[in-house]
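# Observations on the model geometry
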Amino acid sequence: MTKITISLIKADVGGYPGHCSVHPELIKTAEEKLEEAKKSGCLVDYRVMACGDDLELLMSHRTGCDCGDIHGLAWETFEAATETAKGLKLYGYGQDLLADAFSGNIKGMGPGVAEMEITERTAEPIIAFMMDKTEPGAFNLPIFKMFADPFNTAGLIIDPSFHHGFTFEVWDILEHKKVLMNCPEEMYDMLALIGAKSRYVIKRVFAKPGSKIPQSEPVAVISTEKLYQTAGKYVGKDDPVALVRSQSGLPALGEVLEPFSIGHLVSGWMRGSHNGPLMPCSFDTAHPTRFDGPPRVIAAGFQLAEGKFVGPVDLFNDLAFDRVRQRCLEITDYMRAHGPFEPHRLPMEEMEYTTLPHVMDCLRDRFVDTE
Ligand SMILES: O=C(COP(=O)(O)O)[C@@H](O)[C@H](O)[C@H](O)COP(=O)(O)O
Ligand SMILES: [Mg+2]
Ligand SMILES: [Mg+2]
Ligand SMILES: [Mg+2]
């Protein structure tokens, strides 16, 4: 059977008001471009979604990962949406389009990319996670819990088809290196890395030998693009996305969603410079307003049908997540009370890529030696 590729490519091409949400006209522009591509046979299917001020293009096609045509289509779609944003004088139009022209692969040009080429199973549940006002490392804890924590995923204990665990591909995003680590065998070593979430990020998860899923195909993939590395300065947060497959030899849907019941602390929020709780929310409430936050995550659930998307179901639009939302609001009050003090504000090393160094530059000459 021909494989299908799922590409989730996102960019902030303008918000309204400020960095709060995506205007419906941008969604319409993107849908028109992708509908054309579907009619021409370039795409099998697509959905356009939004989280905060980020425009999210979910596409299925048969041309594999890193395909120039698909990345070019995403780039052109973001350019068209930028024109719409410009016309409406939306805030920061074209914000994440850091390159002047498309050059074959959208990676390193500003947008975030999560792509997987898979053999579609008889029934293929897939979840697209989209975050705003945070960075790729925000996925480390939930992805770890889904695929490696038996207190989260009962299947690791009781389902023989994945009792042997999973393999994680971890990237060092500063040194541009990667390593494959097996869980549970190397769990403690892996946690030593991925606990440092601003540097080491989980890029992919693979099934192990003996699984129902081919080992060469990822079961989860996360966007790891760091905008400041492309732009050389702070131009907004990376606002990552992820694709996760589920059920039948993989964590069940409920095991995939369970890690988001914590409201774990992530960095981002106001000016990309603060720690705060990641709040799971419905599509309709993914508009970060309080202190430009708190950081949000939405989950869109689909079944694949020969590459077509059946869905989405707005998975966090469920009262079962009300209590975590309440807890996130309490944590928000508590963290906000710290104002400019750490650990609400990020530590100095992580402020290096924000606008704070410019303020520090002005103070430099005033310092004299202590005794
Ligand atoms: O982090 C933020 C935006 O991130 P985003 O665009 O979602 O990646 C915001 O908090 C802005 O940094 C803040 O609103 C200030 O924005 P500017 O006035 O500098 O554009
Ligand atoms: Mg923005
Ligand atoms: Mg954003
Ligand atoms: Mg951003």
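Along each chain, residue indices are assigned from 1 in the same order as the chain's sequence is written. Written order determines the labels here, with chains lettered from A and ligands numbered from 1. This being a predicted model, a pLDDT of at least 70 is required before a residue's local features are given, and a value of 80 or more before pairs of side-chain atoms are given or counted; all residues contribute to the totals for chains, interfaces and linings. As a convention, hydrogens and water are excluded, and side-chain values are obtained from all of the structure's heavy atoms.

## Points about the coordination of the magnesium ion (ligand 3)
For Na, K and Ca the donor cut-off is 3.2 Å, and for all other metals it is 2.8 Å, counting N, O and S atoms only; because water is absent from this set, sites may look incomplete. Distances from the magnesium ion (ligand 3) to its protein donors, Asp53 (OD), Asp54 (OD), Asp132 (OD) and Asp239 (OD), fall at 2.0 to 2.3 Å. Sequence spacing of the donor residues for the magnesium ion (ligand 3), all on one chain, is D-D-x77-D-x106-D. Between the magnesium ion (ligand 3) and the magnesium ion (ligand 2), a separation of 4.5 Å is found, and both are coordinated by aspartate 53. Taken together, the residues aspartate 54 in strand E3 (residues 54–61) and aspartate 239 in the loop between helix H6 (227–231) and strand E10 (241–245) connect sequence positions 185 residues apart. Across the pair, aspartate 239 and aspartate 54 agree in class, each one buried. Under the DSSP-based scheme used, a helix requires at least four consecutive residues in state H or I and a strand at least two consecutive residues in state E, with every element numbered from the N terminus. Burial classes: relative accessible area under 20% of the type maximum marks a residue as buried, over 50% as exposed, and values in between as partly exposed (1.4 Å probe, protein chains only).

## What to know about unusual backbone geometry
For the bond from cysteine 183 to proline 184, the omega torsion is 15 degrees, close enough to zero to count as cis. Note on placement: proline 184 falls in the loop between strand E7 (177–183) and helix H5 (187–194). Looking along the chain, the bond that leaves glutamate 342 and enters proline 343 is cis, with omega of 5 degrees. In this structure, aspartate 292 is a non-glycine residue whose phi angle is positive, near 55 degrees. Here aspartate 292 is to be found in the loop between strand E13 (279–280) and strand E14 (296–305). Of the residues examined, aspartate 292 reaches a relative accessible area of 27% and is grouped as partly exposed.

## Details of the nonpolar core
In terms of nonpolar packing, the biggest core is built from 44 residues, with Phe129, Ile143, Phe147, Phe166, Phe168 and Val205 touching the most fellow members. The leading source of residues in this core is helix H3 (residues 140–148), at five residues. Only buried Ala, Val, Leu, Ile, Met, Phe, Trp, Tyr and Cys residues count toward a nonpolar core, and they belong to the same one when joined by side-chain atoms within 4.5 Å. Core analysis: the next-biggest nonpolar cluster, separate from the first, contains 27 residues, Leu34, Tyr46, Ile70 and Leu73 among them.

## Things to note about the packing of aromatic side chains
Planes of paired rings set the category: under 30 degrees apart is stacked, over 60 is edge-to-face and the rest tilted, where pairs are Phe, Tyr or Trp rings (Trp by its six-membered ring) whose centres lie within 6.5 Å. Tallied over the entire structure, the rule returns nine aromatic pairs. Ring plane angle 70 degrees and centroid distance 4.8 Å describe the contact between phenylalanine 316 and phenylalanine 321, whose orientation is recorded as edge-to-face. Like phenylalanine 316, the residue phenylalanine 321 is buried in the burial classification. Positioned above the aromatic ring of tryptophan 171, the side-chain terminus of lysine 203 is 5.1 Å from the ring centre. Its end group placed over the ring of phenylalanine 291, arginine 336 keeps NZ or CZ at 3.5 Å from the ring centre. Over a ring means this: the NZ of a Lys or the CZ of an Arg is within 6 Å of the ring centre and within 35 degrees of the ring normal.

## What about a nonpolar patch on the surface?
A patch consists of residues exposed above 30% relative accessible area that lack any salt bridge, with like charges linked at up to 9 Å and nonpolar side chains (Val, Leu, Ile, Met, Phe, Trp, Tyr) linked at up to 5 Å. A 1.4 Å probe and the Shrake-Rupley method give the accessible areas. Residues count as covered only by the protein chains that appear here. Salt bridge, as used here, is a side-chain nitrogen of Lys or Arg placed within 4 Å of a carboxyl oxygen of Asp or Glu. Among the surface-exposed residues, Met348, Val359, Met360, Leu363 and Phe367 lie close enough to one another that they form a single nonpolar patch of about 460 Å² accessible area. Relative to the assigned elements, phenylalanine 367 resides in the segment after helix H10 (356–363).

## Structural notes on the UniProt feature "binding site: Mg(2+) 2" (unreviewed entry) in the protein
UniProt positions are given in the numbering used here, feature names are shortened, and annotations may be inferred rather than shown by experiment. Those places that UniProt annotates as "binding site: Mg(2+) 2" (unreviewed entry) correspond, in this numbering, to Asp53, Asp54, Asp132 and Asp239. Taking the farthest pair of C-alpha atoms as the criterion, the annotated set spanning 187 residues converges on one region, since that pair is 9.4 Å apart. Note on placement: aspartate 132 falls in strand E5 (residues 124–132). Contacts are assigned to residue pairs that have any heavy atoms within 4.5 Å of one another. With near-sequence residues (within four places) excluded, aspartate 132 lies in contact with His19, Cys51, Gly52, Asp53, Asp54, Asp239, Pro288, Pro295 and Arg296. Pairs of N or O atoms within 3.5 Å make up the polar contacts considered here, provided that, within protein, one atom can donate a hydrogen while the other can accept it, and that residues adjacent in sequence are counted only when both atoms are side-chain atoms. In terms of polar contacts, aspartate 132 uses its side chain to reach the side chain of lysine 133, at 2.8 Å. Residue aspartate 239 is classed as buried on the basis of its relative accessible area, which comes to 3%. What aspartate 239 contacts, discounting residues up to four positions off in sequence, is Lys10, Asp53, Asp54, Met131, Asp132, Lys133 and Thr134.

## A closer look at the site of ligand 1
For each residue, the test is whether any non-hydrogen atom lies within 4 Å of the molecule or strand; if one does, the residue is near. As a matter of local geometry, ligand 1 sits amid 16 residues, with Tyr91, Lys133, Lys237, Arg271 and Asp292 nearest to it. In this structure, glycine 272 approaches ligand 1 through a main-chain N or O atom, which is 3.5 Å from an oxygen atom. Bound to the protein, ligand 1 loses 79% of the 500 Å² it would expose on its own. Residues were grouped as follows: Ala, Val, Leu, Ile, Met, Phe, Trp, Tyr, Cys and Pro as nonpolar; Asp, Glu, Lys and Arg as charged; and all remaining residues, including Gly, as polar. Taken together, the residues of the shell around ligand 1 sort by class into four nonpolar, four polar and eight charged.

## What to know about the side chain of glutamate 115
If you trace the backbone, glutamate 115 turns up in strand E4 (residues 112–118). No salt bridge is formed by the buried glutamate 115. Its closest oppositely charged neighbour is lysine 107, at 4.8 Å. In this structure the side chain of glutamate 115 is engaged in a polar contact, spanning 2.7 Å, whose partner is the side chain of serine 7. There is a polar contact of 3.2 Å between the side chain of glutamate 115 and the side chain of histidine 71. Charge assignment: positive for Lys and Arg, negative for Asp and Glu; neither His nor the chain ends contribute.

## A short note on the pattern of salt bridges
Evaluated as defined, the whole model comprises 22 salt bridges. Across the salt bridge formed by glutamate 76 and lysine 33, the nearest N and O atoms sit 4.0 Å from each other. Residue glutamate 76 is located in helix H2 (residues 68–87), and its partner lysine 33 is located in helix H1 (residues 24–39); the two are separated by 43 residues in the primary sequence. Classification of lysine 33 by relative accessible area gives partly exposed; the value is 23%. For arginine 245, the salt bridge is made with glutamate 124, and the minimal N-O distance between the two is 2.9 Å. Linking arginine 245 in strand E10 with glutamate 124 in strand E5, this pair joins segments that are 121 residues apart in sequence. Residue classification places glutamate 124 among the buried residues on the basis of a relative accessible area of 0%.

## As for the UniProt feature "binding site: beta-D-fructose 1,6-bisphosphate" (unreviewed entry) in the protein
Under the present numbering, the feature "binding site: beta-D-fructose 1,6-bisphosphate" (unreviewed entry) in UniProt falls on His19, Tyr91, Gly104, Asn105, Lys133, Gln247, Ser248, Arg271, Asp292 and Tyr353. What stands out for the annotated residues spanning 335 residues is how far apart their C-alpha atoms range, the widest pair being 44.0 Å apart. Considering the arrangement of structural elements, one finds glycine 104 in the loop between H2 and E4. Along the chain, tyrosine 353 turns up in the loop between helix H9 (348–351) and H10.

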